[in-house]
Amino acid sequence: MKIKNGAEYIRSLREVHPRVYYKGRRIEDVTRHPATAPHVRSAAMTYALAAKKEYADLATATSHITGRRISRFTHIHQNVEDLIKKVRLLRLLGQKTGSCFQRCVGLDGINAVYSVAYEIDKKHGTGYLERFKKWLTYIQDDNLMVVGAMTDPKGDRSKGPAEQDDPDQYVHVVDRRKDGLVIRGAKLHMTGGVNSHEILIMPTMGMDERSKEYAIVCALPVDAPGVTMVFGRQTGDDRRDKGERLDVGKPSFGSVGGEAVIAFEDVFIPSDRVFMDGEVDLTGTLVYRFAAHHRANYGACKTGLMDVLIGAIACLTEVQGTAKGSHVRDKITEMTHLCETLYSSSIACSALGWPTPSGAYMVDTMLANVCKQNVTRFHFEVARLALDLAGGFIATLPSQYDLESEDVGHLVRKYFSGVAGIPPEDRMKLARLIEAMTGGTALVESMHGAGSPQAQRIMIYRESNLEKKKGLAKALLGIPGKRRERKS
Ligand code: SF4
Ligand code: FE
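As a starting point, this report considers the structure included with it. Because the structure is predicted, anything quoted here is derived from the model rather than measured. Residues take numbers from 1 onward in each chain, read along the sequence in its written order. The lettering of chains begins at A and the numbering of ligands begins at 1, in the order of writing. In keeping with the predicted nature of the model, local features appear solely for residues at pLDDT of at least 70, side-chain atom pairs appear and are counted solely at 80 or more, and the whole-chain, interface and lining totals rest on all residues. Computation of side-chain values covers all heavy atoms of the structure but excludes hydrogens and water.

1. Some remarks on the sheet that holds strand S1 (residues 19–22)
Pairing within the open sheet is mixed, and its six strands lie in the order S2-S1-S10-S11-S7-S6. Sheet topology places strand S2 (25–27) and strand S6 (172–177) at the edges, where each strand pairs with a single neighbour. Averaged over all neighbouring strand pairs, the angle between strand axes comes to 20 degrees, with direction disregarded. For two strands to count as paired, DSSP must find a minimum of two bridges between them. Secondary structure elements follow DSSP: runs of H or I no shorter than four residues count as helices, runs of E no shorter than two count as strands, and numbering proceeds from the N terminus. Here strand S10 (residues 227–231) pairs with strand S11 (residues 260–270) via five bridges, running antiparallel. Opposite Met-229, over in S11, you have Ile-262 as the bridge partner. Helix axes are fitted to C-alpha atoms over the stretch in contact, other axes to C-alpha atoms as well, and angles between N-to-C directions run from 0 to 180 degrees.

2. Focus: the site of ligand 1
When we say a residue is near a molecule or strand, we mean one of its heavy atoms is within 4 Å of it. The environment of ligand 1 is made up of Cys-100, Phe-101, Gln-102, Cys-104, Val-105, His-294, Asn-297, Tyr-298, Cys-301, Lys-302 and Glu-445. Of all the secondary structure elements, the ones that give two or more residues to the shell around ligand 1 are helix H5 (104–124) and helix H8 (283–320). The element that contributes the greatest number of residues to the shell around ligand 1 is H8, accounting for five residues. Note on residue classes: Ala, Val, Leu, Ile, Met, Phe, Trp, Tyr, Cys and Pro are nonpolar, Asp, Glu, Lys and Arg are charged, and everything else, Gly too, is polar. Partitioning the shell around ligand 1 into residue classes produces six nonpolar, three polar and two charged.

3. Details of the packing of aromatic side chains
Ring geometry is summarised as follows: Phe, Tyr and Trp rings, the Trp one being its six-membered ring, pair when their centres sit within 6.5 Å, and such pairs are stacked at plane angles under 30 degrees, edge-to-face over 60 and tilted between the two. Taken as a whole, this structure holds seven aromatic pairs when the rule is applied. Taking 5.9 Å as the distance between ring centres and 45 degrees as the angle between the ring planes, the aromatic pair formed by Trp-135 and Phe-275 counts as tilted. Here Trp-135, found in helix H6 (residues 128–142), pairs with Phe-275, found in strand S12 (residues 274–277); they are 140 residues apart in sequence, far enough to count as distant. Burial classification: accessible surface area is computed with a 1.4 Å probe over protein chains only, and a residue below 20% of its type maximum counts as buried, one above 50% as exposed, and the rest as partly exposed. The class of Trp-135 is buried, set by a relative accessible area of 4%. Here the aromatic cluster, defined as three or more aromatic residues joined through ring pairs, consists of Phe-132, Trp-135 and Phe-275.

4. Digging into the packing of H8 against helix H10 (residues 365–390)
Where H8 meets H10, the closest approach of the two axes is 8 Å, and the angle between their N-to-C directions is 20 degrees. By the angle class used here, H8 and H10 are roughly parallel. Relative to H10, the crossing made by H8 is left-handed. On the side of H8, the interface is formed by Tyr-288, Ala-292, Arg-295, Ala-296, Tyr-298, Gly-299, Lys-302, Met-306, Leu-309, Ile-313, Leu-316 and Gln-320, while H10 contributes Thr-365, Ala-368, Asn-369, Cys-371, Lys-372, Val-375, His-379, Val-382, Ala-383, Ala-386, Leu-389 and Ala-390. When its residues are assigned to classes, the contact of H8 with H10 shows 16 nonpolar, five polar and three charged. Roughly parallel here means an angle under 35 degrees, roughly antiparallel means over 145, roughly perpendicular means 65 to 115, and every remaining angle is called oblique. Take the far helix as your reference; a near helix turned counterclockwise from it by less than a right angle gives a left-handed crossing, and one turned clockwise gives a right-handed crossing. The contact criterion used throughout is that any non-hydrogen atoms of two residues lie within 4.5 Å.

5. Observations regarding the environment of Gly-278
As for its placement among the helices and strands, Gly-278 is situated in the loop between S12 and H8. Not counting residues within four places of it along the chain, the set of residues in contact with Gly-278 comprises Lys-212 and Ala-215.

6. Side note on the coordination of the iron ion (ligand 2)
Only nitrogen, oxygen and sulfur atoms qualify as donors, provided they sit within 2.8 Å of the metal or within 3.2 Å for Na, K and Ca; with water excluded from the atoms, sites may seem incomplete. The coordination sphere of the iron ion (ligand 2), as far as protein atoms go, consists of Tyr-298 (OH) and Glu-445 (OE), spread over 2.2 to 2.5 Å. Separated by 147 residues along the polypeptide, Tyr-298 in helix H8 and Glu-445 in helix H15 (residues 440–448) bring together distant segments of the chain. Note on accessibility: Tyr-298 and Glu-445 belong to one class, buried.

7. Examining unusual backbone geometry
Note: most peptide bonds trans; most residues except glycine with negative phi. For Asn-143, which is not a glycine, the phi torsion comes out positive at approximately 55 degrees. Even without being glycine, Asn-465 reaches a positive phi, approximately 50 degrees. Within the secondary structure, Asn-465 sits in the loop between helix H16 (453–462) and helix H17 (466–477).

8. What about the sheet that holds strand S5 (residues 146–149)?
Hydrogen bonds between backbone atoms are what pair the strands of a sheet, whose relative direction is either parallel or antiparallel. If you trace the four strands from one edge of the open sheet to the other, you get S5-S8-S9-S12, paired in mixed fashion. What marks the edges here is a single partner per strand, and that holds for S5 and S12. The sheet shows a mean angle of 20 degrees between the axes of neighbouring strands, taken without regard to direction. The sheet contact formed by strand S8 (residues 198–201) and strand S9 (residues 216–221) spans four bridges and is antiparallel.

9. Overview of H8
What a helix should span is 1.5 Å times the count of its residues minus one. Taking 1.5 Å per residue, 38 residues should reach 56 Å; H8 reaches 54 Å between its end C-alpha atoms and fits that length. What the bend at a residue measures is the angle between two axes, fitted to the seven residues ending there and to the seven starting there. Where H8 bends most, the angle comes to about 30 degrees, and this point is Tyr-298. Immediately downstream of H8, the backbone of Gly-321 shows phi near 80 degrees, a positive value.

10. Some words on helix H14 (residues 424–438)
With 15 residues, H14 should reach 21 Å at 1.5 Å per residue; the first-to-last C-alpha distance of 21 Å fits that figure. Where burial is concerned, most of H14 is hidden: eleven out of the 15 residues are buried. Of the positions making up H14, those classed as buried are Pro-424, Arg-427, Met-428, Leu-430, Ala-431, Arg-432, Leu-433, Ile-434, Ala-436, Met-437 and Thr-438.

11. Things to note about the environment of Ser-211
Residue position: Ser-211 is located in the loop between S8 and S9. Along the primary structure Ser-211 and Glu-15 are separated by 196 residues, whereas in three dimensions their C-alpha atoms are 37 Å apart. With sequence-adjacent residues up to four places away left out, Ser-211 is seen in contact with Pro-161, Ala-162 and Val-280.

12. Some words on the side chain of Arg-240
With respect to the element layout, Arg-240 can be found in helix H7 (residues 237–241). Its relative accessible area of 14% is what places Arg-240 among the buried residues. For Arg-240, the side chain forms a polar contact with the main-chain oxygen of Phe-253, separated by 2.7 Å. Not counting chain neighbours up to four residues away, the residues in contact with Arg-240 comprise Pro-34, Pro-38, Val-248, Lys-250, Pro-251, Phe-253, Gly-254 and Ser-255. Contacts described as polar in this section are N or O atom pairs within 3.5 Å, which, within protein, must combine one atom able to donate a hydrogen with one able to accept it, while residues neighboring in sequence count only if both atoms come from side chains.

13. Quick word on a nonpolar patch on the surface
Excluding any residue in a salt bridge, patches collect residues exceeding 30% relative accessible area, merging like charges within 9 Å and nonpolar Val, Leu, Ile, Met, Phe, Trp and Tyr side chains within 5 Å. Accessible surface is estimated by sampling points in the Shrake-Rupley manner with a 1.4 Å probe; for residues, cover comes only from the protein chains shown. A carboxyl oxygen of Asp or Glu within 4 Å of a side-chain nitrogen of Lys or Arg is what we treat as a salt bridge. The grouping of Val-408, Leu-411 and Tyr-415 at the surface amounts to a nonpolar patch, some 280 Å² of accessible area in total. With respect to the element layout, Leu-411 can be found in helix H13 (residues 409–415). Leu-411 gets classed as partly exposed once you look at its relative accessible area, which sits at 37%.

Spelled out as C-alpha cells, the structure:
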C-alpha cells in the first residue's frame, strides 16, 4: 500500500488540487481549512487503523486480484467473513471518530460495479471487468480514497432523465470521441468528495432505452479538468471557523460526513475508465446492490456513534449527580438495546451474504433495507433519550467566550458546576458533544443517507414475497393455492 497511515493520507491530499468552494470562496487546501479538515481527520482514521497491528485483521484484507495486502476499503468482499469484518470495522471507526469517516461509499461503489461489470460482460460481450480490475488494482496498490457518486439532482422528479427540460439534471454523455467520452451533470450529497482521490460515477436509478446516454459508470481523478465541488454547510460550522475549542462538540472530527455537490462541466473520461456505457438493463441491479451494501453499513457506523453518545450521557449523568437514578439506568438500557438491535441487523444481513456470479459477495438485501429503515427510527429515539437525560441546558449553554470572560466567567463557572471536584469545562464539553451528536445535520444524515426511508420501504415491499406468505397462510387453512374460476 503506497499510503501507509493517516499522516501520509493527509499529505497525499496536498498533492491533488480539486476545485472546491465553500461559502463562495475557493478552498486551496482541504487538509487545513477549518470546514473540511475535521472530515479529513475522520477519513484519516481508516488509514491509521490499518497501520496498527491490533486492527490489521479488520482494517486490511488480501486482494483477490493481486494477492497483496490492501485496505479493506478497497477490497472486493470474497465471503461472509469479509462482510462481517467490514461491519465490525465500521462500528470501531464510528467509536473512534464519533462521525462519518466517509470511505465506505467508495467501497460499496467498487463492490457493486465489480459484480455488475461481470454480468454486463456476460450478457453483452463487453470487456468492462478487465478494465475495472486494472483501475481497482491502482486504487488498491496506491491505497486511494474513492467517492462513490450516485445521487443526481433529478430536477423535476415526475419526469425521467431523458424527459427533463434541463438534460444536465442527470449525469450524461454529451460527446463521444474515439478515445473516450465527455460527460456533463452533477452529483449531490457527495460524502467525502473533497478529500477523496478518485470519483466513481454510477447511475442514480434503473433506466430504460430512452436513457442510454445516462447509463454511465466511469472513474476520474477529483482534480480532472471541468470538475467543481461546492462543500455543504453543517450545524455549528461557524464555531469551527472561529477556532472555538470548547463549543465545537467534537474538536478533532466532523459533525457528520462532509458533503459536497460535484459538478461535471464537459469532463473527458478516457475509454479505459468507462465501466458501463448504455447497458440500461443492468442499471437497476447496480443501484440496488450499491444501496443494499450502503444500507447494511448504517447498522455499524451509526452504532459506533451511538456508543459514543451513550458514553457521553453516562459521563454527564455522573457529572450532574443523576447517574444512580433508576429511570436514568432504564433509559441508558433502552438506548443500548436499540443500538445493539441495529448492530444485529447489520451483522445478520452480512451473515446471510451470498456470492454474485462474479464471486463478489452481496449482503442479504431484505435485511439490509430493514437495517437502514430501523436506523431512521432508532437513532432518533436514542437521540431523544439522550436529550431527555441531558436536560435543557444543552440548548441554553453559554459559550466558551463567557466562560473565559473576566466579567462573567466566575458566574458561568459557579452556576455550571455539578458534582464537587469536576471542572465545569468537563460538563460543558460533554454537553457540546451531545449537542453535536443529536443536532440537525447528524440526524438528517441518519434519516436520508443511503436512501430516504421510503426507498427502503419500496424495497422491503418488493422483496416481501407476499405470494409465498399468502401460500403459508392458505396451507395452514387448507385453502387451495389458486382459486378456480367460477363458471357462470
Ligand atoms: Fe460510512 Fe456510515 Fe459515513 Fe456512510 S454514513 S460513509 S456508511 S461512515
Ligand atoms: Fe452516508
